[in-house]
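Remarks on the overall topology
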Amino acid sequence: MGKTIAEKIFDAHQVDKPFEDTTIVKLDAVFCHEITTPIAITDLMARGMDRVFDPSKIKAVIDHVTPAKDSKTAEQGKILRDWSRRHGIKDFFDIGNNGVCHAIFPEKGFVRPGYTIIMGDSHTCTHGAFGAFAAGVGTTDLEVGILKGVCSFKAPKTIKFELTGELQEGVYAKDAILFIIGQIGVNGATNCVMEFTGTIVDDMSMESRMTLCNMAIEAGGTSGVCYPDMTTVEYLWPYIKNDFASKDAALKEYSKWVSDSDAKYDRVFKYDLSKLEPMVTFGYKPDQVKTVRELTGEKVDQIYIGSCTNGRIEDLRIAAAVLKGKKIAHSVRGVLSPATPEIYKIALKEGLIDIFMDAGYCVTNPTCGACLGMSNGVLAEGEVCASTTNRNFNGRMGKGGMVHLMSPATAAATSLTGTITNSSLFKGGK
Amino acid sequence: MKSFSGKVLFLDRSDINTDEIIPAKYLTEITKMALKPYLLEDLKMNGFNPVTDIAGKKVIITRENFGCGSSREHAPWALEVNDINTVIAVNYARIFRQNMYNCGMLAIDLSKETVDDIFITFSGKDTDCVIDTKQSTIQLKSGATAKTINFKLDGFDKALVESEGWVGYADKNY
């Protein structure tokens, strides 16, 4: 019997199996941010166990509220900063160099095929785009990860999604994942790895694959995963070029992290997405999904482009192509948050920031802020936001506010009219 | 071990997410106790009033996929500082369920039929719940109506509850 990629990664990392169905895996990386890590740090200190298993395998960033908005968030940043210094954690990203965790850590080359990664953040599933097993965990799992470099998991069941056909103009990875969540529901992949394969995934950039894997958790998935290929190697090449004689050699090595053809899946879904239309959520759950066509004309108050789902350079390019030379509607506010300083700099060089600002967008520093209603674009009671983020929960972007999730293209088009709008309405909408 | 018994809070809805259990704006707190007043503040459920409905309750009984969404352990902590150490549901989001056991708390899974039956029999009534982790039984009682239900605690979950959480267990074993 063949194995899935997740099973192969587990086999290679198993340190114990204390009970049937419970595996303790060795971790290749533990990612930390300032919201969920400080309580782990203070608890370790209180227990007299203020140690880290390997400072080179721990990466930390202040990203959720940055620069600090008040004394409490300043204190959270300080705890993470002091701890990183105390333990010699070199890969710590502070103001000036910080960005949204699930954008900056891959960008720095910290994610590799075959890795096991945890972070105290549910969207850690993003990193599976590189052929890794990456799972969001709570603070206690994070704490043990920091201390011992291990984490417990149930044996990973896998659901395979075979995405074939060709996406139409104006349809993107975000539309594909919203469609999938709409099909299987917010509980559809609980305790399962969501494995994305097929020609559509093969053709996707790493950015698009990250968008796809990012929202696995919205269907309850433990990790998203895509097979590593030459696209993965090209993305990682600046960081791995000293490890391999050639890109082909790297590809050969990474190719062991794919599922066998006779691997056993929990379920298999095959979708031909050739006719998929741009998608958008309604209501307060990410599986409440309709086509943009069905919701066209719904009024919004704010547009938010950014986050670990859709704040990468590809997303900014797509949105800017829609906005170029145009102004957002008087009735709306536009907020752009490039996900990392590097993305911000590329956007500046390419003239994208000019396009956004000329259109009337406010451009913030890289931060998670508005996505979870913490800072930099919180909604007022009764307001509606067209957002490229990943959650439309009640109150998510501000108490009493409502969120429609959509692609950057749809968000950009929506900002021009003030109502939910298909990007195909505007020239250069691809 | 913690106390797992007491009065029941019935939450008759599926997919209650961690943003509803404890909104993100309170994640800037760095003590667990500070979360106490905000439990279930944003719960979207007709007729639910967190201020009056939570007081005195020790056990939550709810439907499916409880704790979906964010990984925040603040959700179990917000329950814990309100003396709620037990949730009973058909199933849970993976991270929330693991967080509960990692804190030495109980997230008990029962079949959909059993949960349906509990709601039909007890929901809306003043109900007491006694949980015996050794015998793996749940006793529900409201006035003259009483029911005893068996549940299953997996080996690892049981070990975590007995070790009062994952840090203690991991420190002993790894």
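I will try to describe carefully the structure that is included in this document. Chains are numbered independently. Their residues run from 1 in the order of the written sequence. Following the order in which they are written, the chains are lettered starting with A and the ligands numbered starting with 1. Local features in this predicted model are restricted to residues of pLDDT 70 or higher, and side-chain atom pairs are both shown and tallied only at a pLDDT of 80 or more, whereas totals for entire chains, interfaces and linings draw on every residue. Side-chain metrics rest on all non-hydrogen atoms present in the structure, leaving aside hydrogens and water.

Observations regarding the packing of helix 13 (residues 313-323) of chain A against helix 14 (residues 341-349) of chain A
Residue and element names in this part refer to chain A. The axes used here are C-alpha line fits, helices contributing only the stretch in contact, and every angle between their N-to-C directions lies in the interval 0 to 180 degrees. To qualify as a helix, a DSSP run of H or I must reach at least 4 residues; to qualify as a strand, a run of E must reach at least 2; elements of each kind are numbered from the N terminus. The interhelical angle for the contact between helix 13 and helix 14, taken along N-to-C directions, is 35 degrees, at an axis separation of 9 Å. The handedness of the crossing between helix 13 and helix 14 is right-handed. Contacts from Ile-313, Leu-316 and Arg-317 of helix 13 reach helix 14 at Ile-343, Ile-346 and Ala-347. Residues that form the contact of helix 13 with helix 14 fall into these classes: 5 nonpolar, no polar and 1 charged. Crossing chirality is assigned from the near helix's rotation relative to the far helix, an anticlockwise turn below a right angle marking it left-handed and a clockwise turn marking it right-handed. Contacts: residue pairs with any heavy atoms within 4.5 Å of one another. Here the term charged refers only to Asp, Glu, Lys and Arg, the term nonpolar to Ala, Val, Leu, Ile, Met, Phe, Trp, Tyr, Cys and Pro, and the term polar to all other amino acids, Gly among them.

As for the interface of chain A and chain B
If you look at the interface, chain A gives 51 residues, while chain B gives 42 residues. The contact between chain A and chain B buries some 4,000 Å² in all, and 57% of this surface belongs to carbon and sulfur atoms. Salt bridge, as applied in this entry: a Lys or Arg side-chain nitrogen positioned within 4 Å of an Asp or Glu carboxyl oxygen. For the pair chain A and chain B, the number of links is 6 salt bridges. Among the ionic pairs, Asp42(B) bridges to Lys399(A), the shortest N-O distance being 2.6 Å. Polar contact is the term for a pair of N or O atoms within 3.5 Å; when the atoms are in protein, one must be able to donate a hydrogen and the other to accept it, and sequence-neighboring residues count only if both atoms are side-chain atoms. Taken together, chain A and chain B are joined by 20 residue pairs in polar contact (both at pLDDT 80 or more). Here the buried area means the combined drop in accessible surface, using a 1.4 Å probe, for two parts upon being joined, counting both sides.

Looking at unusual backbone geometry
With an omega of -10 degrees, the peptide bond between Thr66(A) and Pro67(A) qualifies as cis. With respect to the helices and strands, Pro67(A) occurs in the loop between strand 4 (58-61) and helix 3 (71-86). Even without being a glycine, Ser136(B) presents a positive backbone phi close to 55 degrees.

Brief notes about the nonpolar core
We call a set of buried residues a nonpolar core when its members are Ala, Val, Leu, Ile, Met, Phe, Trp, Tyr or Cys and they connect through side-chain atoms within 4.5 Å of each other. The cut-offs for exposure are 20% and 50% of the maximum accessible area for each residue type, with area from a 1.4 Å probe on protein chains only; residues under the lower value are buried, those over the upper are exposed, and the others partly exposed. One finds Leu11(B), Phe96(B) and Ile138(B) to be the most contacted residues of the largest nonpolar core, which totals 97 residues. Those residues in contact with Ile138(B) that lie beyond four places of it in its chain are Ile88(B), Ile108(B), Leu110(B), Cys129(B), Val130(B), Ile131(B), Lys147(B), Thr148(B), Ile149(B) and Phe151(B). Of all hydrophobic cores here, the second largest spans 65 residues; its members include Ile184(A), Ile217(A), Val289(A) and Val403(A).

Focus: the environment of Ile177(A)
All names here are of chain A. Here Ile-177 is to be found in helix 6 (residues 173-184). Note on Ile-177: relative accessible area 0%, which makes it buried. Separated by 121 residues in the primary sequence, Ile-177 and Ser-56 have C-alpha atoms spaced 33 Å apart. Setting aside its immediate chain neighbours within four residues, Ile-177 contacts Phe-196, Thr-211, Leu-212 and Met-215.

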